[in-house]
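What the coordinates show
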Amino acid sequence: MSTGLIIALIVIVAVVVAVAAVLTLRARGPRHGASLKRRFGPEYERAVARHDGDTRAAERELAERVERHGSLQVRPLEPAERERYEARWTAAQERFVDAPREAVAEADRLIAELAGTRGFPAGGQYEEQVAALSVHHAHHVEGYRRVHRVARAHPDGAHDGAAGTEEMREAMVEARALFEELVRPSRHDGGHRGAAGERTAAPATRRDGHRTPSLLHRRQAKES
């Protein structure tokens, strides 16, 4: 066999190996990306936007979050704990009418504390706590980010106008979805039931059957 033929065969084999590697990566990549996209939903799109459209970088970040926090064991709440958290959230919503900034700050603290109680990283590790929450509550974690940003913005009170109040109201409403997911019994908790055999009421519902978010609109009604 001539030297030229040997070299040609080597080149052909190298090309075949390279093509096979590329096809393998292409076959694996979309499946991996699709899995992450299903798991993270809107959080996937936020990660891609944060990486300026680089889907591979976004997927690496999300995969690392799953590796760090995917096996986290969520601790169930005792009925008394759940009632205390629900009462505190309701009180924060009611306080919004007269002191929206203080109410938003309390909502931020409350979610951080509740997440820590359930077994997520403590509130003092905000970024790590949000990363863990995004793995298990990807569709609602943005509400926590939003209320956290609003609670820490403009500490001098220079943003107390009507637009600022509306921004805080929207942050409270969006954050409530994550609070409700964290405070309600999961299917693994067995579900805590009251004396009448019914599940505990949703945290945003009053005993008279009316939902408390309307309290956040009373400020506008009073001013009109």
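Residues numbered from 1 in each chain as written. Predicted model: local features only at pLDDT ≥ 70, side-chain atom pairs only at ≥ 80, totals over all residues. Heavy atoms only, no water.

This next bit is on the packing of aromatic side chains. If you walk through the whole model with that rule in mind, you get two aromatic pairs. Ring geometry for W89 versus F179: centroids 4.6 Å apart, planes at 15°, classification stacked. Taken as a pair, W89 in helix α4 (residues 79–95) and F179 in helix α8 (residues 162–183) lie far apart in primary sequence, 90 residues in all. Residue classification places W89 among the buried positions, given a relative accessible area of 0%. Aromatic pair Y126 and Y144: ring centres 5.5 Å apart, planes at 75°, arrangement edge-to-face. Taken as a pair, Y126 in helix α6 (residues 126–136) and Y144 in helix α7 (residues 141–152) lie far apart in primary sequence, 18 residues in all. Of the two residues, Y126 and Y144, both sit in the buried class. (Phe/Tyr/Trp six-rings, centres within 6.5 Å; stacked < 30°, edge-to-face > 60°. Helix = DSSP H or I, 4+ residues; strand = E, 2+ residues; numbered from the N terminus. Buried < 20%, exposed > 50% of the residue type's maximum accessible area, 1.4 Å probe, protein only.)

Interaxial distance between helix α2 (residues 42–50) and helix α3 (residues 55–69) falls to 8 Å at its minimum, and their mutual angle equals 125°. Taken as axis vectors, α2 and α3 run oblique relative to one another. The two elements α2 and α3 cross, and the hand of that crossing is right-handed. In this structure, α2 uses E43, Y44, A47, V48 and R50 to contact α3, whose residues at the interface are T55, A58, E59, E61, L62 and R65. (Axes fitted to C-alpha atoms, helices over the stretch in contact; angles between N-to-C directions. Parallel < 35°, antiparallel > 145°, perpendicular 65-115°, else oblique. Left-handed = near helix turned anticlockwise from the far one by under 90°. Contact = heavy atoms within 4.5 Å.)

Evaluation of the coordinates by the stated rule reveals 19 salt bridges. The residue E170 makes a salt bridge to R146 at a minimum N-O spacing of 2.7 Å. Of this pair, E170 sits in helix α8 while R146 sits in helix α7, and the two are 24 residues apart along the sequence. Accessibility expressed as a relative area gives 22% for R146, which makes it partly exposed. (Salt bridge = Lys/Arg side-chain N within 4 Å of Asp/Glu carboxyl O.)

Here we take up a nonpolar patch on the surface. Nonpolar side chains collect at one region of the surface, where L5, L9 and I12 lie side by side and expose about 260 Å² of accessible area between them. Considering the arrangement of structural elements, one finds L5 in helix α1 (residues 3–40). With a relative accessible area of 42%, L5 lands in the partly exposed category. (Patch = residues over 30% accessible without salt bridge, like charges linked within 9 Å, V, L, I, M, F, W, Y side chains within 5 Å. Areas by Shrake-Rupley, 256 points an atom, 1.4 Å probe, with all protein chains shown as cover.)

Before going further, it helps to examine the side chain of D108. Among the secondary structure elements, D108 is positioned in helix α5 (residues 100–117). If sequence neighbours within four positions are ignored, D108 has contacts with Y144, V147, H148, A151 and R152.

Attention now goes to unusual backbone geometry. Positive phi values are uncommon outside glycine, yet D52 reaches one of about 55°. Relative to the helices and strands, D52 is located in the loop between α2 and α3.

Once that is clear, we can look at the side chain of R169. You can see R169 is positioned in helix α8. A polar contact of 2.8 Å, which involves the side chain of R169, links it to the side chain of E166. (Polar contact = N/O pair within 3.5 Å; in protein donor to acceptor, adjacent residues only side chain to side chain.)

For the rest of this paragraph, the subject is the environment of L114. Within the element layout of this structure, L114 appears in helix α5. A relative accessible area of 0% places L114 in the buried class. Along the backbone, L114 and L77 are 37 residues apart, and their C-alpha atoms lie at a distance of 9.4 Å. Among all residues touching L114, those that are not within four sequence positions of it are L77, Y85, F179, L182 and V183.

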